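These are the residues of each chain, in order.
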Amino acid sequence: MIEIEKQIERTIPRDVFYYQLTLDIDKKDLQYLKSKIDKGIKEKGNMSGVTNVKGNMTPWLFFSRDEVFQKYLKIAFDTFNNQGIRLHVGLKEAWGVRVDKKQWTAFHDHDPNWLAGILYLSDTDLPIIFKDINVQTKPKVGKFIVWSGYIHHGNEEKNPYDSKYAIAFNCSEIKTWE
C-alpha cells in the first residue's frame, strides 16, 4: 500500500486587486444591452436560478462576442492601461443578469478565473459586497469593476428595489514573458 509521505494544509496570504471606474454609456447602447438581456433570459439554455445568481441570467457566453459590450470592455481596459494598471487578459465568458425584486446574488467567487468583472446597466441601492477586502459599492449605470477572481462577493439581502441589470464576465491572464 502506498502512503502519503507529506501533507500540508494551511492558509497563505494572496495578492488581490480591485479596480473600479465609471463609463459613460450611450443611451442607445444602454437600451440595446438591457433589451438583449431581457431576450437572453428567455432563451433556451439560460442559466436563470441555477447559478449563484438567484435571479434571471442569460447563457454563459451570451455577451462574449457582442460588439457593443466589447466596445465598453475595450474603453475600460484601455483606461486602466493608460493609468499604469496593466491587465493582460483574454475574455473567457460574459453573461447578462437581471435581478428582480426578491431575488439576489449568493456569495461566491469566480475561481479559477484570474479576473472577474461586472458592468452595471442600472442604478440600485442594493450594494455588492466584497467581504474579503471589506468593500461594498452600489450599482450605478456605467460602473465597471474588475477584481481578483477568487474574492467572494454577493448580496446580504434580497433585492427590494427595481430590477438590477448587469453584464458579468470572466477573464484569464495572458502571460507576457518580458
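Residues numbered from 1 in each chain as written. Predicted model: local features only at pLDDT ≥ 70, side-chain atom pairs only at ≥ 80, totals over all residues. Heavy atoms only, no water.

**Student:** I'm lost on the sheet that holds strand S9 (residues 143-148) in this one. Help?
**Tutor:** The strands that make up a sheet are held in pairs by hydrogen bonds between backbone atoms, and each pair lies either parallel or antiparallel. The six strands lie next to each other as S1-S9-S6-S10-S4-S3, forming an open sheet whose pairing is antiparallel. Across the chains shown, the open sheet's two edge strands, defined by having one partner strand only, are strand S1 (18-22) and strand S3 (56-57). By the bridge criterion, six bridges tie strand S6 (residues 115-120) to strand S10 (residues 164-173) in an arrangement that is antiparallel. Paired with Leu115 across the bridge in S10 is Cys171. (Pairing = 2+ DSSP bridges. Helix = DSSP H or I, 4+ residues; strand = E, 2+ residues; numbered from the N terminus.)

**Student:** Please explain the environment of Asp26 as it appears in this structure.
**Tutor:** Relative to the assigned elements, Asp26 resides in the loop between S1 and helix H1 (27-40). Taking C-alpha positions, Asp26 is 9.5 Å from Gly142, a pair spaced 116 residues apart along the chain.

**Student:** Could you clarify how one ought to interpret the pairing of S10 in this entry?
**Tutor:** Sheet faces and side chains relate simply in a regular strand, where the side chains alternate between the two faces. Of all 10 residues in S10, eight are buried, a share of seventy percent or more. In terms of strand pairing, strand S4 (residues 89-99) meets S10 through 10 bridges, oriented antiparallel. Note that in S10 the partner of Val97 across the bridge is Ala166. (Buried < 20%, exposed > 50% of the residue type's maximum accessible area, 1.4 Å probe, protein only.)

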